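Structural features, examined
Here is how the chains run, residue by residue.
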Amino acid sequence: MEQQILPAYLKETANLSTETFGSGLINTTWKITDKNRSYILQRINQDVFKHPEWIASNLRQIAGYLKIHHPDYLFVEPVKTLDNQDLAISKEAGYFRLLPFIKDSHSIDVVTEPSQAYEAAKQFGRFTALLEGMKLDDLHTTIADFHNLTLRFRQFEEAIATGIPDRILNAGPEITYLKDKSGIVTTYQQICNNPSFHLRVTHHDTKISNVLLDASNKGLCVIDLDTVMAGYFISDVGDMLRTYLSPASEEETDMEKIRIRTDIFEAIVKGYLSEMNAILSADEKKAFIYAGKFMIYMQAIRFLSDYLNGDTYYGARYADHNLQRARNQIRLLQELEAKEPELTEILNRYIHHQDQTTSI
Ligand code: ADP
Ligand code: GN1
Ligand code: MG
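Report on the accompanying structure. What you see is a predicted model; the values in this text were computed from it and never measured.

Basis of the calculations
Residues numbered from 1 in each chain as written. Chains lettered and ligands numbered in written order. Predicted model: local features only at pLDDT ≥ 70, side-chain atom pairs only at ≥ 80, totals over all residues. Heavy atoms only, no water. Helix = DSSP H or I, 4+ residues; strand = E, 2+ residues; numbered from the N terminus. Buried < 20%, exposed > 50% of the residue type's maximum accessible area, 1.4 Å probe, protein only. Polar contact = N/O pair within 3.5 Å; in protein donor to acceptor, adjacent residues only side chain to side chain. Contact = heavy atoms within 4.5 Å. Axes fitted to C-alpha atoms, helices over the stretch in contact; angles between N-to-C directions. Parallel < 35°, antiparallel > 145°, perpendicular 65-115°, else oblique. Left-handed = near helix turned anticlockwise from the far one by under 90°. Nonpolar A, V, L, I, M, F, W, Y, C, P; charged D, E, K, R; others polar. Salt bridge = Lys/Arg side-chain N within 4 Å of Asp/Glu carboxyl O. Near = heavy atom within 4 Å. Areas by Shrake-Rupley, 256 points an atom, 1.4 Å probe, with all protein chains shown as cover. Donors = N, O, S within 2.8 Å, 3.2 Å for Na, K, Ca; no water. Phe/Tyr/Trp six-rings, centres within 6.5 Å; stacked < 30°, edge-to-face > 60°.

1. Some remarks on the side chain of Glu174
Examined against the element boundaries, Glu174 turns out to sit in helix α6 (residues 172–180). The class for Glu174 is buried, based on a relative accessible area of 10%. Here Arg327 takes part through its side chain, which lies 2.7 Å from a polar atom of the side chain of Glu174. If sequence neighbours within four positions are ignored, Glu174 has contacts with Leu304, Leu323, Arg327 and Ile330.

What follows is the structure in structure tokens.
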């Protein structure tokens, strides 16, 4: 599939080598290597992104803003097709984009050291901070209601009402548990109505593999920008907490391996606030740990809804895969709640420290 699209971008395609790359669940990614340079080719999943041209438009707007206001930022802009388009379109295979492969960069899939969490959190914070002056109206909403927890909860209730009967039975304890925790949805609704919480340019997919690091493991920039749109900081901080705190990923089926690493938590706080401290309101900073609950809970109900509906969104590599993923997220939520007093102490120390620094 990838072979047929390359002539749209490159005059010479005979000697290219291609390999599938990355671990995303939604788009398909290849690394394309030429004699002297490499590219990343991506096929945009149109079931999820109904308007790929909106993603292209967002990237153009952001690139334009950064060129004027922060010209030194390494923003990975798509390569234009030979006929100067942002996307290559094939009738059979859909929408594609090509990116320059950033030389000497790499990404990681699992956080093993606090320094990695610090670098990533700093990069995601920096991205939002640099774009603080950008008009949100200039950005399209590439997935409507993507992190709207009220809607996700409604979809979960629908799946419980209309999903596959055997699966609903099978997931009884998980359904009960998640319904009982719907206070997390209520808090989200309060946040939406609280004028101290602000919409900003938000990445919405802050897993560690979406940060490019240099050879000495310093953060270079953020990538995987399809879901960049207006949002609350709880989306970005929350997904970092969700995916960095535990040494075991969302794919882990041995629940004993899921635990919260407080040193990683501190690194996320430090890294994110190193860029966002002056921008976030006091109420927002207080919601830092809630952000983790928000994203873990949302992912749990998304995985469980998909299980009940027959794995149509995330797919499944084995029977009950999405049920297992939901169980994993439930365990992570429980572990986070158990550690909340300790994490709050760390957060308070840090917010306090930051405030003192600012007032000097
Ligand atoms: P997905 O997560 O949907 O597969 P990404 O855009 O995150 O897609 O790309 C997958 C991986 O490819 C990244 O984790 C990173 O390792 C690598 N990658 C993506 N874009 C670039 C780039 N411009 N330069 C270098 N590596 C990249
Ligand atoms: C999807 O494509 P990927 O793997 O980066 C999903 C995220 C989920 C994540 C869970 C557009 O992200 O919201 O958190 O899976 N992206 C979309 O692994 O639904
Ligand atoms: Mg990615």
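2. Quick look at the packing of helix α3 (residues 114–130) against helix α9 (residues 262–276)
Remark: α3 packs on α9, axes separated minimally by 7 Å, with the N-to-C direction vectors making an angle of 30°. As the angle between them shows, α3 and α9 are arranged roughly parallel. Read as a crossing pair, α3 and α9 show a hand that is right-handed. Mapping the contact onto sequence places Pro114, Ala117, Tyr118, Ala121, Lys122, Phe124, Gly125, Arg126, Thr128 and Ala129 in α3 and Asp263, Ile264, Ala267, Ile268, Lys270, Gly271, Tyr272, Ser274, Glu275 and Met276 in α9. Classifying every residue of the contact of α3 with α9 gives 11 nonpolar, 4 polar and 5 charged.

3. Examining the pattern of salt bridges
All told, the structure shown has 20 salt bridges when counted by the stated rule. One salt bridge connects Lys80 with Asp86, and the closest N-O pair in it is separated by 2.9 Å. For Asp86, a relative accessible area of 17% translates into the label buried. Taking the shortest distance from any N to any O, the salt bridge between Lys218 and Glu119 comes out at 3.7 Å.

4. With respect to the site of ligand 1
Of all residues adjacent to ligand 1, which total 17 residues, the nearest are Gln42, Ile102, Ser107, Ser209 and Asn210. Between ligand 1 and the protein, one listed contact pairs a nitrogen atom with a backbone N or O atom of Pro100 at 2.9 Å. Ser107 places a polar side-chain atom, nitrogen or oxygen, 2.5 Å from an oxygen atom of ligand 1. Against a free-state accessible area of 550 Å², the protein chains account for coverage of 94% of ligand 1. Along the lines of polarity and charge, the residues of the shell around ligand 1 split into 8 nonpolar, 8 polar and 1 charged.

5. Some thoughts on the site of ligand 2
As a structural note, the neighbourhood of ligand 2 is formed by 14 residues, with Asp205, Glu250, Gln299, Arg302 and Tyr313 the closest of them. A distance of 2.7 Å separates an oxygen atom of ligand 2 from a polar atom in the side chain of Asp205. Against a free-state accessible area of 440 Å², the protein chains account for coverage of 95% of ligand 2. Considering only residue class, the shell around ligand 2 consists of 7 nonpolar, 2 polar and 5 charged.

6. A few points about the coordination of the magnesium ion (ligand 3)
Angles at a metal have ideal values that depend on geometry: 109.5 degrees with four tetrahedral donors, 90 or 180 degrees with six octahedral donors. Bound to the magnesium ion (ligand 3) on the protein side are Asn210 (OD1) and Asp224 (OD), at distances that span 2.1 to 2.2 Å. Of this pair, Asn210 sits in the loop between β6 (200–202) and β7 (211–213) while Asp224 sits in the loop between β8 (219–222) and β9 (229–231), placing them 14 residues apart in sequence. The class of Asp224 is partly exposed, set by a relative accessible area of 26%.

7. Considering the packing of aromatic side chains
According to the stated counting rule, one finds 12 aromatic pairs in the structure shown. Ring centres of Tyr73 and Phe127 lie 6.5 Å apart, and the angle between their planes is 40°; on these two criteria the pair is classed as tilted. A residue pair is termed long-range when its members are at least 10 positions apart, and Tyr73 in the loop between α2 (52–69) and β4 (88–90) and Phe127 in helix α3 qualify at 54 residues. The pair Tyr73 / Phe127 is uniform in exposure class, with both members buried. Taking 6.2 Å as the distance between ring centres and 85° as the angle between the ring planes, the aromatic pair formed by Phe265 and Phe288 counts as edge-to-face. On the criterion of sequence distance, the pair formed by Phe265 in helix α9 and Phe288 in helix α11 (residues 288–309) is long-range, its members being 23 residues apart. Note on Phe265: relative accessible area 1%, which makes it buried.

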